[in-house]
Amino acid sequence: MADNFREKSGKKVTLVAVLANCFLTVFNIAVGMIAGSSALVSEGAHTLSDIITTVIAYIGFKYSQKPADDDHPLGYARAEAISGLFIVLFLVVISWEIIEKASKQVLFNQFSAPHMSVAAMAVVGIFINIIVSRYMIKVGKEIKSPAIIADGYHQKSDVFTSIAIVIGVFFSNIGHPVFDSIIAIVIGLLIFKTAVEIFISNVNYIIGKLPSKELIENIRNIANSVPNVQDTKNILVDYMGYSTIIILEIELDERMILEESHKVCSEVHERIIREIPEVKHVSVKASPVKISGAENI
Ligand SMILES: [Zn+2]
């Protein structure tokens, strides 16, 4: 798939998500304030945090695509993970603000039942989240972007906060007005949970955790499929998403001449880069082995 198409689709889907969440933020906060719902105002802060998350992720994505230079010989791939840590900081602040405010309302009995228009706004939010998340997941799968797929699933999970608001309005209006503030606290906790998840995945990414054990098996199978490779060992993967680096050792017949073994190493290099798109560098070391029965030849 052409990088150009990938970038264009990534840009388009980001724009759709940002516009949908801008719409939701404006109306959630406006309706929430007019109709007196802490839960809906909190949801407005949440959709605002979604916009900022998407924008920061996109800036990180763009920066990480910068080509390598003299000072950064491996490129800028990890910039994306660092942008993820800024998002965490931001989400923790928002969740704290929401939880603190709503907890005070519960503790000091400062709550009242919100108007039914809050439920109507939440239903609009449910529909927008379903449509946008489906689109994001579809495009994310097409262009194989884990960041966009993850963002799409996050958008999908936002449907539940909107459903919670509808339930809160219902219970608030049948004599339990505290429910609106309780739902606001739940939304605050959900934002905190998202922050923790983003923190863990980005720290793993910076440390260089493997995305899956199958990656190593896949590399071994590709290398072993090259004619004359007896086996592949000591596979090291420095996982950096879009520009992953692999170091490995292949076993070759000890009698093989240098020119021939160089050809095999080059073929292993080519095949891995061709078959695993995120791999940008492969270092192949050849080690000699005795082939059983070879001494009789
Ligand atoms: Zn969200």
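About the thresholds
- Residues numbered from 1 in each chain as written.
- Predicted model: local features only at pLDDT ≥ 70, side-chain atom pairs only at ≥ 80, totals over all residues.
- Heavy atoms only, no water.
- Domains from an automatic or database assignment.
- Core = buried A, V, L, I, M, F, W, Y, C linked by side-chain atoms within 4.5 Å.
- Buried < 20%, exposed > 50% of the residue type's maximum accessible area, 1.4 Å probe, protein only.
- Helix = DSSP H or I, 4+ residues; strand = E, 2+ residues; numbered from the N terminus.
- Contact = heavy atoms within 4.5 Å.
- Axes fitted to C-alpha atoms, helices over the stretch in contact; angles between N-to-C directions.
- Parallel < 35°, antiparallel > 145°, perpendicular 65-115°, else oblique.
- Left-handed = near helix turned anticlockwise from the far one by under 90°.
- Nonpolar A, V, L, I, M, F, W, Y, C, P; charged D, E, K, R; others polar.
- Expected span 1.5 Å × (residues − 1).
- Salt bridge = Lys/Arg side-chain N within 4 Å of Asp/Glu carboxyl O.
- Pairing = 2+ DSSP bridges.
- Right-handed = clockwise from strand over helix to strand, strands pointing away.
- Phe/Tyr/Trp six-rings, centres within 6.5 Å; stacked < 30°, edge-to-face > 60°.

**Some remarks on the domain arrangement of the chain**
Many structure descriptions define interface size as the accessible area lost when the parts assemble. Here the domain parsing of the chain yields domain 1 (3–207) and domain 2 (213–296). Just the C-alpha atoms count here: the centres of domain 1 and domain 2 sit 43 Å apart.

**Quick word on the nonpolar core**
Of all hydrophobic cores here, the largest spans 32 residues; its most connected members are Leu40, Leu91, Val118, Ile165, Ile183 and Ile191. Contributing elements (two or more residues each) for this core: helix H1 (3–35), helix H2 (38–64), helix H3 (79–107), helix H4 (117–142), helix H5 (146–173) and helix H6 (178–207). In contact with Ile183, not counting residues within four places along its chain, are Ala39, Ala164, Ile165 and Gly168. Counting residues in each nonpolar core, the second largest holds 24 residues, with Tyr205, Val226, Leu248 and Ile272 among its members.

**So, the packing of H2 against H6**
Contact geometry for H2 and H6: axes closest at 7 Å, N-to-C directions at 20°. Judged on the interaxial angle alone, H6 and H2 are roughly parallel. Our pair here, H2 against H6, has a crossing hand that is left-handed. Seen from H2, the contacting residues are Ser38, Ala39, Ser42, Glu43 and His46; seen from H6, they are Asp180, Ser181, Ile183, Ala184, Ile187 and Ile191. Residues belonging to the contact of H2 with H6 are distributed by class as follows: 5 nonpolar, 4 polar and 2 charged.

**With respect to H6**
When the terminal C-alpha atoms of H6 are compared, their 44 Å separation across 30 residues agrees well with the 44 Å that a helix rising 1.5 Å per residue should span. Taken from the residues just after H6, Gly208 is the one with a positive phi, measuring 105°.

**With respect to the pattern of salt bridges**
The final tally for this structure, using the stated rule, is 10 salt bridges. As a salt-bridge pair, Glu100 and Lys104 come within 3.6 Å of each other at their nearest N and O atoms. Of this pair, Glu100 and Lys104 are both found in helix H3, 4 residues apart, which corresponds to roughly one turn of the helix. Overall, Lys104 belongs to the partly exposed group, its relative accessible area being 41%. Note that Arg220 and Glu217 form a salt bridge whose closest N and O atoms lie 3.6 Å from each other. Of this pair, Arg220 and Glu217 both sit in helix H7 (residues 213–224), 3 residues apart, roughly one helical turn. On the basis of relative accessibility, which here comes to 26%, the residue Arg220 falls in the partly exposed class. Put simply, Lys233, Glu249, Glu251 and Lys285 are held in one network by salt bridges that share partners.

**Focus on the pairing of strand E2 (residues 244–253)**
When you tally the buried positions in E2, you get 9 out of 10 residues, the bulk of the element. One ladder, built from 6 bridges, connects strand E1 (residues 231–238) with E2; its direction is antiparallel. Its bridge partner lying in E2, Asp238 is registered against Ile245. Both E2 and strand E3 (residues 279–289) contribute to a ladder of 10 bridges, which runs parallel. Paired with Asp253 across the bridge in E3 is Val289. Running through helix H8 (residues 258–275), the crossover from E2 to the neighbouring parallel element E3 is right-handed.

**Side note on the packing of aromatic side chains**
Here the structure, examined in full by the defined rule, presents 4 aromatic pairs. Centroid distance Phe23 to Phe27: 4.7 Å. Interplanar angle 40°. Geometry classified as tilted. Of this pair, Phe23 and Phe27 both sit in helix H1, 4 residues apart, roughly one helical turn. Here the aromatic rings of Tyr205 and Tyr239 are separated by 6.3 Å at their centres, their planes lie at 75°, and the arrangement is edge-to-face. Pair noted here: Tyr205 is in helix H6 and Tyr239 is in the loop between E1 and E2, with a separation of 34 residues, a long-range link. No difference in accessibility class separates Tyr205 from Tyr239, as the two residues are buried. Counting every residue linked through ring pairs, the aromatic cluster contains Phe170, Phe171 and Phe179.

**Let's talk about the environment of Ser261**
Inspection of the secondary structure assignment puts Ser261 in helix H8. In this structure the C-alpha to C-alpha distance between Ser261 and Ser38, which are 223 residues apart in sequence, comes to 69 Å. Apart from the residues within four sequence positions on either side, Ser261 is in contact with Leu252 and Met256.

**Describing the sheet that holds E1**
Paired through backbone hydrogen bonds, the strands of a sheet run either parallel or antiparallel to each other. Here we have 3 strands laid out as an open sheet, ordered E1-E2-E3, and mixed in their pairing. Two strands lie at the open edges of the sheet, namely E1 and E3, each paired on one side alone. Each strand axis lies, on average, 15° off the axis of its neighbour in the sheet, ignoring direction. Against the sheet, H7 touches E1 and E2, its axis set at about 135° to E1. Those strands touched by H8 are E2 and E3, and its axis lies near 145° from that of E3.

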